[in-house]
Amino acid sequence: MSVLLPIWFFSERDLFETQRLRLMLFFFPLLSIQQMQFMLLFSRQGKLRLQKWYVPLSDKEKKKITRELVQTVLARKPKMCSFLEWRDLKIVYKRYASLYFCCAIEDQDNELITLEIIHRYVELLDKYFGSVCELDIIFNFEKAYFILDEFLLGGEVQETSKKNVLKAIEQADLLQEPRHEYFNVPVY
Amino acid sequence: MKPLETIEVLQTTFFSQRMPAPIRLRELIRTIRTARTQAEEREMIQKECAAIRSSFREEDNTYRCRNVAKLLYMHMLGYPAHFGQLECLKLIASQKFTDKRIGYLGAMLLLDERQDVHLLMTNCIKNDLNHSTQYVQGLALCTLGCMGSSEMCRDLAGEVEKLLKTSNSYLRKKMTEMTLSEYLPSVQDRAQNSLSVDSRNAALCAVHVIRKVPELMEMFLPATKNLLNEKNHGVLHTSVVLLTEMCERSPDMLAHFRKLVPQLVRILKNLIMSGYSPEHDVSGISDPFLQVRILRLLRILGRNDDDSSEAMNDILAQVATNTETSKNVGNAILYETVLTIMDIKSESGLRVLAINILGRFLLNNDKNIRYVALTSLLKTVQTDHNAVQRHRSTIVDCLKDLDVSIKRRAMELSFALVNGNNVRGMMKELLYFLDSCEPEFKADCASGIFLAAEKYAPSKRWHIDTIMRVLTTAGSYVRDDAVPNLIQLITNSVEMHAYTVQRLYKAILGDYSQQPLVQVASWCIGEYGDLLVSGQCEEEEPIQVTEDEVLDILESILISNMSASVTRGYALTAIMKLSTRFTCTVNRIKKVVSIYGSSIDVELQQRAVEYNALFKKYDHMRPALLERMPVMEKVTTNGPAEIVQTNGETETSVLETKPPPSGLQPANQANDLLDLLGESDITPVIPTAPTIKPASAGGELLDLLGDLNLTGSPVSAPAPQIAQPPFLLDGLTSQPLFNDIAAGIPSITAYNKNGLKIDFTFERSNTNPSVTVITIQASNSTELDMTDFVFQAAVPKTFQLQLLSPSSSVIPAFNSGTITQVIKVLNPQKSCTWSLVLKASMPRSPFGFAGKEHWYRKLDGKEEENGLSPGQFVAAVMGTVYVVPLVMLVFCPLEQLGFVVCLW
C-alpha cells in the first residue's frame, strides 16, 4: 500500500488523537504554571523593604533579579503603564507614596487583577497600621510579612475578604503578645 | 540593705557570666538608619552580627527569637544571614507561638528547597499540622506552601489531605468542645473562622504539593468533592485554584471536573446578581478575585469541549455586558472574560463582543488597560483577523503612545494587520514610526517593513521606494541581509534601473553615513552608471550628472572615515565596473585602482591588485567580465548559512565568504561580485572556470556551518553540486552523470538521540533521473519497544511524493530489528531549489502541540507569512545541518520532543 500525499492536511491532532492521553501527561507540565513568582517592595531610593519569593532561587540570583528590576522600574517615567516584560515574565508594579510594590507573574496571568492584589495588600497594611507609611513597614517588617502570608499563600490569594485577613492577624497577635508582656519576657 | 546588696552581687555575677541583653530589633533598626555612609552601616552590622553569633553559640533560648528577627532585617539589607538557618529550626521546634512565628518566617526567608537543612523541618511541620491551635497549623501550612520541596511534600501530603477533608467537621467539633480556646475570647468566632482558615490554607498547600509532586494528585480527588459547596469565599477561591491546578495537570481530571461547569456557572451568576455585600465588595463589584478565578477555570474546562463551552456561553455574555467598567477591577474581570471567550469554543457573536470590548479598552484613559488590550488583540489577530482589523486606526494611534511597552505591542500588532488593501496607508504610518521611534525599535521595525513590503507591495516602484526609505531613515539598524535583498530586487526590475540609480545617487549625495544605503547605491552606480549619466529617466525629472561627478562621489566614499571596509569594497568594485560603462574617464579609473593596490586594508588591496591585473594583462577580457549582472532568479533560500546579524558585524561574514585567491584572476573577479550578493545561488555570469567556483562555494558553506556535526562525508566528492543543483535535478545532461552523483551521495545518520537512530540512504532512479529514492532505517537501542512509530514527509505542491508503507510500526528494543521505509520524491519541474519536509513522530515523547503547530506553519511553504524565509528559519532553529549533494538536510530536534527534517 502506498500513500500519495500532500501531507499538510494531516493535522497534528488527528495524528496524535490515539496517543493523546498518554502524551498529555508529558505535555501539561510544559504549560506555564500560573502563579505569582515573587513580590518585592522597595523605596524610591532603591532600598529593598520586603521580598517574598514563591520560586526557589539562590541568594545570588535573587539579588541579581532584585537589582535589575529595581533599576528598570525606577527608570520608568511616572506616566508609563504598570506592566513590563522582563525575561519571560510579566512585571506588574505600582507606586504608593514612596514605595514601589512589584510582582512578577507568568504569561497567562491577568495583569489587571494582579494590580488589584497589590492594592488589596496596601489596603490591608493601611488598615493594620492605620494610614501606613514607609517607616511602619521598615520598623515592623515582620508584621508586613505576616499580613502578606495571611493574604497570599504560595503566590495565590487565600482570603478574599479584607476583614477575615485582619481578624486572623489580630488573633494571631493576641496569641503572641499578651502572654509575653504579662510575664515580661522580652519580645523582639 | 543587705538583701539588696546580695541581689546586686548576684546580678553582676550573673551578667558578667552572661552577655548583656541584646538590643531590641526596633532599636537596631533605628541605629542602623542613623548610619551616614555605607561603611558605617557595614561596621554596625558586623558588630551586631558578632554579638548574634556568640549568642547563638551559647544556645541562648531567651533571646534567640529577637536575634533571628534582627538577622532577618540585616538579610533584607543584603547582608549574609545563612548562619541563622539552624536557629530558625530551633525556633520552630519551640513551644511558644512568638518563637514559632518568627522561626517560620525566618525559614521562609533564609531557607529554600535546595538546602538539605530544610528537610529537618519536616517533622516539626508535621507536628504543627496536627497542632491544636489553628494559627500554628496555619503557619505550618503557609511555610509548606511556600517552600516545601518535593520530598517534603511527599511526606506531608497525607496530613494536608486530612486537613483539607476533615477540617470542616472535625475542627468545628473540636472547637465547640473548647479544647483549644486557651487564649481566645470568642469561641464562636474562632470556630467559624478556623474552618475556613484551615481548609483554605490546606487547599493552597495542596496546590503546592501538586505542583511539586504531580503523582500525588489523585490523593486529593476525594477531598475536592464538597469544596464548591462552601459558602465561605476564601475556601471557595482556594478550591477553584486547586481545581484549576488539577485540571491543568491532568486530562483525566479535566474530563472528570467538566461536570462541575453548571455549578461554577451558578456561583458566578450569584456573584454578579447578588446585591452589595460589604465583606467582598471592591468598588461595586462582588469579589473580583473569585470571579477572575472562576472565569479562568471555566476557560480550562471549556477549551476544546463543545458541551462545556455551550453551557457557559450565556454566563460569559452576562459577565461581559453587566460588569461595571469605570474602575480597574471591572476591567480586570472583563479582560479575563475576553480571554475565556477567545479560548473556548464560543459562538461567533460572543467572539465579536469580546473583540469589541478590547476595542473599547484601546480608547481607555488608563495605560494599563490599553496595554492589555493590545496584548490580547495580538493573541487573537490570527483567528479573528477581520474583527481586529476594524480597530486598526485606534491601534495605529497607539504607535504614538509615550510608553515603550505600549509602542512595542502596537508595532507588532500593526505589522500583523498589514494586508494588500491597506499596505500603502499602514506603511506610511510605520515609516513615520520608524523615523521617530527609539533606537531599540528600529531593527525590528525595519525588518517588519521589509517583510510586509515584500509580501504586499502593490508595485515594484513602491517596493523599491519603501526599502530605500527604510535605508535612509534607519540604515544603520537594518539586518545585513537587507543589502543583497534590495540589490536582487533592483536587478530584477529591469524597467526601474534608471529610476533607481538616480534616486540612489541623489540619496547619497553628501551623506555617506548610512552604510547599507551607500553599499546599495555603490553597487547600482557600478552596474547602471551609464543610465545615470545618460539621464534617461521618464518618471522623474532627470538630473544631469557627468562621469567625473559620479567618480567623485565613489572616490569620496572610498576616502571617507565613515565608510566600513565592506562599503569601500563595494565602491571600488563599482569604480572598476564603470570602466566599461564610461567612455572618457578610463584613465582616472586606472589611477584610482592602482592607488588602492597599496592600501593597508587587505581586502581592498587584493581587489585593487586583481583589477589592476585585469587592466594590464587581461584587458581584452575586461568588457566581458564586467558585463551587467543578469537578472537573478528569485531564490527562496539564501542557504542555511544566512547569518542574521546587525550591521556592525557585516565585515566578518563577507570576508569569510570570499574564496581563497587562486591563480586565475578572472574567475576570482567573478566570484567577488557574486559573493557580494551574499551567497545567493545564482549561476555565474561567465562560463569560465566553473570547477573552481563551486568547489570553493561548497567549502564556504561548510566553513560557515562551523562546528556542525557532519556524519556523512559531504566535503569531498559531492560538494560541487551544491552550487549547481539544476544539473542534478533537471536531467539536462547525460545518464552517467547521474549515476556518478547517486553514488556520491553518502548515507547519513539523520537522528540519533534518546535511543532512536534513523539512517537515510539516497539513490537516484536510473530510468527517471528526477526521482530520488530515500530509504529510511530506524532502530531503537532503548529497553522498551517503540510503538506507533510514524514517519511523515511533505513536499511543496509541485512535487510528488510517494511514501511507501513501512516494514512495521514497532521498533523492537535493544537494536534487535529495524524498520525500513522508502520515500520516492519526483521533481518534475526544472527548478533549481526544492524543499522537502520530513517529520517523524514517536509515541511517548512529550511532543508539545503548540511547538508542533509552530513548525508546521513555518514549513508549509507560507514562510513569508511568519516573517521567516527558509534561510532565516534554518538560522533560527539551527539544529544539526547536514550537507548532502542534492539537498540540504536540516534536523531540528526539539529537545527530546521528536524532530523535523527539512530538505532544501
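Residues numbered from 1 in each chain as written. Chains lettered and ligands numbered in written order. Predicted model: local features only at pLDDT ≥ 70, side-chain atom pairs only at ≥ 80, totals over all residues. Heavy atoms only, no water.

If you look chain B up in an unreviewed UniProt entry, it shows as AP-1 complex subunit gamma from Cyanistes caeruleus. Note on chain B: under the UniProt heading Sequence similarities (unreviewed entry), the record states "Belongs to the adaptor complexes large subunit family." (UniProt positions renumbered as here; feature names shortened; annotations may be inferred.)

If you look chain A up in an unreviewed UniProt entry, it shows as AP-1 complex subunit sigma-2 from Cyanistes caeruleus. The Subunit (unreviewed entry) field of the UniProt record for chain A holds the comment "Adaptor protein complex 1 (AP-1) is a heterotetramer composed of two large adaptins (gamma-type subunit AP1G1 and beta-type subunit AP1B1), a medium adaptin (mu-type subunit AP1M1 or AP1M2) and a small adaptin (sigma-type subunit AP1S1 or AP1S2 or AP1S3). Binds to MUC1." Recorded in UniProt for chain A, the comment headed Sequence similarities (unreviewed entry) runs: "Belongs to the adaptor complexes small subunit family."

Peer 1: What exactly am I supposed to notice about the overall build of chain B here?
Peer 2: For chain B, the count of helices and strands is 40 helices and twelve strands. The proportion of buried residues among the 904 residues of chain B is 58%. Relative to all contacts within chain B whose residues are 6 or more apart in sequence, the contacts with residues 24 or more apart total 68%. Taken as a whole, chain B presents about 37,500 Å² of accessible surface, with 52% of it coming from carbon and sulfur. (Helix = DSSP H or I, 4+ residues; strand = E, 2+ residues; numbered from the N terminus. Buried < 20%, exposed > 50% of the residue type's maximum accessible area, 1.4 Å probe, protein only. Contact = heavy atoms within 4.5 Å. Areas by Shrake-Rupley, 256 points an atom, 1.4 Å probe, with all protein chains shown as cover.)

Peer 1: Even after reading the chapter, I still don't get the overall build of chain A, so can you show me in this structure?
Peer 2: Of regular secondary structure, chain A possesses seven helices and eight strands. Expressed as a percentage of its 188 residues, the buried residues of chain A come to 59%. Here the contacts in chain A between residues at least 6 apart in sequence split such that 51% fall between residues at least 24 apart. For chain A, the accessible surface area stands at approximately 8,300 Å², while carbon and sulfur atoms represent 56% of it.

Peer 1: Would you mind going over helix 23 (residues 439–456) of chain B with me for this structure?
Peer 2: Because an α-helix packs 3.6 residues into every turn, residues spaced three or four apart end up facing the same way. Helix length check: helix 23 of chain B, at 18 residues, gives a terminal C-alpha distance of 26 Å against a target of 26 Å (1.5 Å per residue), a fit within 8%. The elements touched by buried residues of helix 23 of chain B are helix 21 (404–417), helix 22 (423–436), helix 24 (460–474) and helix 25 (482–492) of chain B. (Expected span 1.5 Å × (residues − 1).)

Peer 1: Would you mind showing me how to read a negative patch on the surface here?
Peer 2: A cluster of like negative charges, contributed by B:Asp306, B:Asp307, B:Glu310, B:Asp314 and B:Glu347, occupies part of the molecular surface. With respect to the helices, strands and loops of the structure, B:Asp314 is situated in helix 15 (residues 306–322). (Patch = residues over 30% accessible without salt bridge, like charges linked within 9 Å, V, L, I, M, F, W, Y side chains within 5 Å. Salt bridge = Lys/Arg side-chain N within 4 Å of Asp/Glu carboxyl O. Lys, Arg positive; Asp, Glu negative; His and termini not counted. Charge placed at Lys NZ, Arg CZ, Asp CG, Glu CD.)

Peer 1: Would you mind showing me how to read the sheet that holds strand 6 (residues 99–105) of chain A here?
Peer 2: Within a sheet, each strand pairs with its neighbour through backbone hydrogen bonds, oriented either parallel or antiparallel. Residues and elements named next belong to chain A. Spatially, five strands are ordered 3-2-6-5-4 in an open sheet, and the strand pairing comes out antiparallel. Pairing within the sheet leaves two strands with one partner each, and these edge strands are strand 3 (48–53) and strand 4 (83–86). Strand-to-strand twist of the sheet, defined as the mean angle between neighbouring strand axes without regard to direction, takes the value 20°. For strand 4 and strand 5 (residues 89–96), the ladder comprises four bridges, and the chain directions are antiparallel. The partner of Glu85 across the bridge, within strand 5, is Lys90. (Pairing = 2+ DSSP bridges. Axes fitted to C-alpha atoms, helices over the stretch in contact; angles between N-to-C directions.)

Peer 1: Hey, could you run me through the packing of aromatic side chains in this one?
Peer 2: For any two aromatic rings, the description comes down to two numbers: the centre-to-centre distance and the angle of the planes. Inspection of the entire model under this criterion finds twelve aromatic pairs over all chains. Put simply, the rings of A:Phe42, A:Tyr93 and A:Tyr100 pair up and form one aromatic cluster. The ring of B:Phe83 is capped by B:Arg53, whose NZ or CZ atom sits 4.0 Å from the centre of that ring. The ring of A:Phe146 has B:Arg101 lying over it, and the distance from NZ or CZ to the ring centre is 3.9 Å. (Phe/Tyr/Trp six-rings, centres within 6.5 Å; stacked < 30°, edge-to-face > 60°. Lys NZ or Arg CZ within 6 Å of the ring centre and 35° of its normal.)

Peer 1: Even after reading the chapter, I still don't get the pattern of salt bridges, so can you show me in this structure?
Peer 2: When their charged atoms lie close together, side chains carrying opposite charge are able to pair. Evaluated as defined, the whole model comprises 44 salt bridges over all chains. A salt bridge links B:Glu438 to B:Lys407, with the shortest nitrogen-to-oxygen separation between them at 3.0 Å. With a gap of 31 residues between them, B:Glu438 in the loop between helix 22 and helix 23 and B:Lys407 in helix 21 connect regions that are remote in the sequence. Overall, B:Lys407 belongs to the buried group, its relative accessible area being 9%. Between B:Arg581 and B:Glu527 there is a salt bridge, with its nearest N and O atoms 3.8 Å apart. Highlighted residues: B:Arg581 in helix 29 (residues 565–581) and B:Glu527 in helix 27 (residues 515–534), separated in sequence by 54 residues. For the pair formed by B:Arg581 and B:Glu527, the shared burial category is buried. One network of salt bridges, in which partners are shared, links A:Asp109, B:Arg296, B:Arg299, B:Arg303, B:Glu336 and B:Asp343.

Peer 1: Teacher, can you tell me more about the nonpolar core here?
Peer 2: Inside soluble globular proteins, nonpolar side chains tend to come together where they are buried. Judged by nonpolar contacts, the single largest core of 277 residues is most densely connected at A:Phe101, A:Tyr121 and B:Val550. The dominant element in this core, judged by the number of residues it contributes, is helix 27 of chain B, at eleven residues. Contact partners of A:Phe101, with chain neighbours within four places excluded, come to A:Met39, A:Leu40, A:Leu41, A:Val92, A:Tyr93, A:Lys94, A:Tyr96, A:Ile118, A:Tyr121, A:Val122 and A:Leu125. Formed by 15 residues, the second largest nonpolar core is a distinct cluster that contains B:Phe760, B:Ala778, B:Met786 and B:Leu801. (Core = buried A, V, L, I, M, F, W, Y, C linked by side-chain atoms within 4.5 Å.)

Peer 1: Help me out: how do you make sense of the side chain of A:Glu106 in this one?
Peer 2: Residues and elements named next belong to chain A. Relative to the helices and strands, Glu106 is located in the loop between strand 6 and helix 4 (111–129). Residue Glu106 is classed as buried on the basis of its relative accessible area, which comes to 15%. A polar side-chain atom of Glu106 sits 2.8 Å from a polar atom in the side chain of Gln37. (Polar contact = N/O pair within 3.5 Å; in protein donor to acceptor, adjacent residues only side chain to side chain.)

Peer 1: How should the packing of helix 7 (residues 121–129) of chain B against helix 8 (residues 134–147) of chain B be read in this particular structure?
Peer 2: How two helices sit against one another is set out by the angle between their axes and by the gap between those axes. Residues and elements named next belong to chain B. Contact geometry of helix 7 with helix 8 gives a least axis separation of 8 Å together with a crossing angle of 140°. As summarised for this structure, helix 7 and helix 8 are arranged oblique, according to the angle between their axes. Here helix 7 and helix 8 pass one another in a crossing that is left-handed. Residue-level inspection shows Met121, Ile125, Asp128 and Leu129 of helix 7 in contact with helix 8, the latter providing Val136, Gln137, Ala140, Leu141, Thr143 and Met147. Split into classes, the residues belonging to the contact of helix 7 with helix 8 amount to seven nonpolar, two polar and one charged. (Parallel < 35°, antiparallel > 145°, perpendicular 65-115°, else oblique. Left-handed = near helix turned anticlockwise from the far one by under 90°. Nonpolar A, V, L, I, M, F, W, Y, C, P; charged D, E, K, R; others polar.)

Peer 1: Can you walk me through the packing of helix 14 (residues 288–302) of chain B against helix 15 of chain B in this structure?
Peer 2: All names here are of chain B. Direction vectors running N to C along helix 14 and helix 15 enclose 150°, while the axes themselves pass 9 Å from each other. By the angle class used here, helix 14 and helix 15 are roughly antiparallel. The hand of the helix 14/helix 15 crossing is left-handed. Between helix 14 and helix 15, the residues in contact are Leu295, Leu298, Leu301 and Gly302 and Ser308, Ser309, Met312 and Leu316, respectively. When the residues that make up the contact of helix 14 with helix 15 are grouped by side-chain class, the tally is five nonpolar, three polar and no charged.

Peer 1: What am I meant to see in the confidence of the model for chain B here?
Peer 2: All names here are of chain B. Predicted confidence across chain B gives a mean pLDDT of 71, with 69% of residues reaching 70 or more. Residue range residues 1–17 is modelled with pLDDT below 50. Its contacts to residues more than four positions away, or to other chains, number zero contacts. Taken as a whole, residues 636–744 scores under 50 in pLDDT and shows 170 contacts with residues more than four places along the chain or in a different chain. Among the prediction metrics, the complex's ipTM stands at 0.81, with pTM recorded as 0.64. (pLDDT = per-residue confidence, 0-100.)

Peer 1: Is there a simple way to explain unusual backbone geometry in this structure?
Peer 2: Most peptide bonds take the trans form, and the phi angle of most residues other than glycine is negative. The phi dihedral of A:Arg87 falls on the positive side, at around 50°, and the residue is not glycine. Tracing the sequence through the fold places A:Arg87 in the loop between strand 4 and strand 5. Even without glycine at this site, B:Glu59 takes up a positive phi of about 55°. By the element assignment, B:Glu59 lies in the loop between helix 3 (38–57) and helix 4 (64–76).

Peer 1: How do you make sense of the environment of B:Ala157 when you look at a structure like this?
Peer 2: Here B:Ala157 is to be found in helix 9 (residues 150–176). For B:Ala157, the residues in contact, after removing those within four places along its chain, are B:Val209, B:Leu216, B:Met219 and B:Phe220.

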